[in-house]
Amino acid sequence: MGLRIQEHRTLYRDERFFAAFPCVVTLPDGGVILSFRRAPDHRWMLGEHRDEHFDSVDHLHFRSHIACVKLDETLAPIQPVKILPPHAEAADQDANMFLTSTGRLIQYGFLWYPVPTADANRLMDHGLLGFRRPSEDGEAYLNWGGYTRFSDDLGASWSDHQMVPVDDKTFDFGYRHRPGGAALRGRMIEQGDGTLMVAGYQGRLEGRPYTALRVFKSLDMGASWQLNPDVVAMDDIGLQEPALAPWPAGAISVFNRTSENDDRLVTARSDDGGATFGPPQTVEVKGHPYDPFVLQDGRLLLVYGYRHAPMGVRARLVAPGQAIEDASEVIVRDDSPSRDTGYPSATQLADGRIVIAYYITDERGIRGIECTVLEID
């Protein structure tokens with residue numbers, strides 16, 4: 001029993017855009033909605049000189065936005081790419097989506113607030129720090145926090161961005177308009193009573209030198225969110241880009257990309273519905289980030305990017321009670337010419353096949369969204 005690769009497909013690629021961080025969700029009609037982060041890629045203007053900049057990476061851009069396209073059951077597009085309404089001040093970064101049992105589609109991620117370098121320098125001169133600067137002559141960026149928004153017509157229209165609650169344990173830089181809370185990234189879950197849960201990662205928490213996890217709950221299908229008081233953290237490892245899974249049955253597990261941990265997975269488990277999580281544990285699996293997809297038969301399909309030679313995407317099919325590291329590793333792709341690849345997202349089609357979407361570079365260095373279709377035993 002296991003996974004068999006059926007085919008690889010290109011879902012989106014355009015030399016004018018840097019496309020990354022995809023998410024795929026199966027819709028009630030059997031089709032799929034694909035969302036991804038997109039930003040202008042100006043290397044096309046270099047013409048034949050672009051080869052010198054093959055591995056140019058830019059994950060910060062003031063025009064970064066969320067794009068989506070609907071696909072039919074064969075994964076063929078049935079409409080042009082659509083841009084979700086941008087935030088008035090900040091740039092969208094992650095394109096996570098989740099379909100609730102009521103049919104509400106939730107899109108969530110986090111924002112970068114661009115600030116011209118001259119203004120950033122003046123602010124820093126006054127002790128107002130917190131900027132991430134891609135270059136000395138480009139914009140500086142302030143992490144503007146996590147957000148959610150929702151659609152009740154399967155993506156035809158969207159609510160405004162709604163910032164998740166700010167943690168009062170977070171360092172306050174002194175800005176009059178304080179940004180939202182933790183950066184949301186990774187799979188959301190819905191509990192049996194309709195409670196939604198999503199996790200985010202947060203730096204600069206009081207007394208914690210490394211990034212930690214915060215969990216948010218919604219009792220009204222994403223109309224509002226509450227911050228869980230429990231902090232999931234480690235003393236010497238940074239927890240990042242978390243994803244939740246109701247697995248094993250009766251529990252909730254969180255899967256984390258890490259820093260200062262040799263790129264190894266860290267998991268933590270809750271046995272009280274997500275109110276608290278037990279001590280995080282390192283698992284001898286390398287990759288990042290992780291998407292834990294629970295199959296109908298109770299097994300876990302864990303997919304993850306792999307940024308070690310040979311680079312690409314990998315997966316493990318884990319049975320209940322089985323140690324994750326003991327499950328066989330399946331190489332989904334190992335032909336990425338760039339380390340800047342991965343961020344996979346999995347969904348299951350009506351006929352039972354699995355689709356794993358990810359971003360990957362082509363022979364020209366253009367980042368695009370591709371997928372692998374797998375059969376599963």
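Everything in this summary refers to the structure shown in the same document. (Residues numbered from 1 in each chain as written. Predicted model: local features only at pLDDT ≥ 70, side-chain atom pairs only at ≥ 80, totals over all residues. Heavy atoms only, no water.)

## Some words on the overall build of the protein chain
- Within the protein chain, the secondary structure is distributed over one helix and 27 strands.
- The C-alpha radius of gyration computed for the protein chain amounts to 20 Å, which stays within 12% of the reference 21 Å derived for 377 residues, consistent with globular compactness.
- Out of the 377 residues belonging to the protein chain, those deemed buried represent 55%.
- Pairs at least 24 apart in sequence give 55% of the contacts found in the protein chain among residues at least 6 apart.
- When the accessible area of the protein chain is evaluated, it comes to approximately 16,100 Å², of which 48% is carbon and sulfur surface.
- In the protein chain, the 38 positive side-chain charges and the 54 negative ones have mean positions that sit 1 Å from each other. (Helix = DSSP H or I, 4+ residues; strand = E, 2+ residues; numbered from the N terminus. Rg over C-alpha atoms; globule rule 2.2 N^0.38 Å. Buried < 20%, exposed > 50% of the residue type's maximum accessible area, 1.4 Å probe, protein only. Contact = heavy atoms within 4.5 Å. Areas by Shrake-Rupley, 256 points an atom, 1.4 Å probe, with all protein chains shown as cover. Lys, Arg positive; Asp, Glu negative; His and termini not counted. Charge placed at Lys NZ, Arg CZ, Asp CG, Glu CD.)

## Some details on the packing of aromatic side chains
- Tallied over the entire structure, the rule returns eight aromatic pairs.
- Taken together, the ring pairs connect Phe-21, Tyr-343 and Tyr-359 into an aromatic cluster.
- Positioned above the aromatic ring of Phe-150 is the side chain of Arg-104, whose terminal nitrogen or guanidinium carbon lies 3.7 Å from the ring centre.
- For the cation-ring pair, Arg-314 lies above Tyr-306, with the distance from its terminal atom to the ring centre recorded as 3.7 Å. (Phe/Tyr/Trp six-rings, centres within 6.5 Å; stacked < 30°, edge-to-face > 60°. Lys NZ or Arg CZ within 6 Å of the ring centre and 35° of its normal.)

## With respect to the pairing of strand E14 (residues 196-202)
- The buried fraction of E14 is high, at seven of seven residues.
- Neither face of E14 is exposed, since Leu-196, Val-198, Gly-200 and Gln-202 on one face and Met-197, Ala-199 and Tyr-201 on the opposite face are all buried.
- Pairing between strand E12 (residues 183-184) and E14: two bridges, direction antiparallel. Bridge pairing in E14 places Leu-184 opposite Gly-200.
- For strand E13 (residues 189-190) and E14, the ladder comprises two bridges, and the chain directions are antiparallel. The residue of E14 that forms the bridge with Glu-190 is Leu-196.
- Two successive antiparallel strands, E13 and E14, enclose a turn made up of five residues, where Gly-194 displays a positive phi of approximately 90 degrees. (Pairing = 2+ DSSP bridges.)

## Things to note about unusual backbone geometry
- For the peptide bond that leads from His-288 to Pro-289, omega is -25 degrees, which places it in the cis range.
- Mapped onto the secondary structure, Pro-289 falls in the loop between strand E20 (281-286) and strand E21 (290-294).
- You will see that Glu-241, though not glycine, has its phi angle at about 45 degrees, which is positive.
- Of note, Glu-241 is situated in strand E17 (residues 238-245).
- The exposure class of Glu-241 is buried, given its relative accessible area of 8%.
- Not every positive phi belongs to a glycine, and Tyr-343 is a case in point at roughly 50 degrees.

## What about the nonpolar core?
- Residues Leu-34, Leu-75 and Ile-369 are the most contacted members of the largest nonpolar core, which totals 23 residues.
- Those elements that provide at least two residues to this core are strand E1 (3-12), strand E2 (17-26), strand E3 (32-40), strand E4 (65-71), strand E26 (354-361) and strand E27 (367-376).
- Sorting elements by how many residues they give to this core places E2 first, with six residues.
- If we skip the residues at most four places from it in the chain, Ile-369 touches Thr-10, Leu-11, Tyr-12, Ala-19, Ala-20, Pro-22, Leu-34, Phe-36, Tyr-358 and Tyr-359.
- Core analysis: the second largest hydrophobic core is formed by 18 residues, Cys-68, Leu-111, Leu-142 and Tyr-175 among them. (Core = buried A, V, L, I, M, F, W, Y, C linked by side-chain atoms within 4.5 Å.)

## Structural notes on the pattern of salt bridges
- Summed over all chains, the structure comprises 26 salt bridges.
- Across the pair Arg-185 and Asp-94 runs a salt bridge, and its minimum N-O distance is 3.2 Å. Linking Arg-185 in the loop between E12 and E13 with Asp-94 in the loop between strand E6 (91-92) and strand E7 (96-99), this pair joins segments that are 91 residues apart in sequence.
- We note a salt bridge from Arg-364 to Asp-362, for which the minimum N-O separation is 3.5 Å.
- We classify Asp-362 as buried; its relative accessible area is 9%.
- Through salt bridges that share partners, Arg-13, Arg-333, Asp-335, Asp-362, Arg-364 and Glu-370 make up one connected network. (Salt bridge = Lys/Arg side-chain N within 4 Å of Asp/Glu carboxyl O.)

## Some details on the sheet that holds E20
- The strand order across the open sheet formed by four strands is E17-E18-E19-E20, and the pairing between neighbours is antiparallel. Edge positions in the sheet fall to E17 and E20, since each has one partner strand and no second. The sheet shows a mean angle of 30 degrees between the axes of neighbouring strands, direction not considered.
- Where strand E19 (residues 264-270) lies against E20, four bridges are found, and the strand directions are antiparallel. Residue pairing in the sheet places Arg-264 in a bridge with Lys-286 of E20. (Axes fitted to C-alpha atoms, helices over the stretch in contact; angles between N-to-C directions.)

## A few points about the sheet that holds E4
- Pairing is antiparallel in the open sheet, where four strands are placed in the order E2-E3-E4-E5. Each edge of the open sheet is held by one strand with a lone partner, namely E2 and strand E5 (82-83).
- Pairing analysis gives eight bridges linking E2 to E3, with the strands arranged antiparallel. The partner of Ala-19 across the bridge, within E3, is Arg-38.

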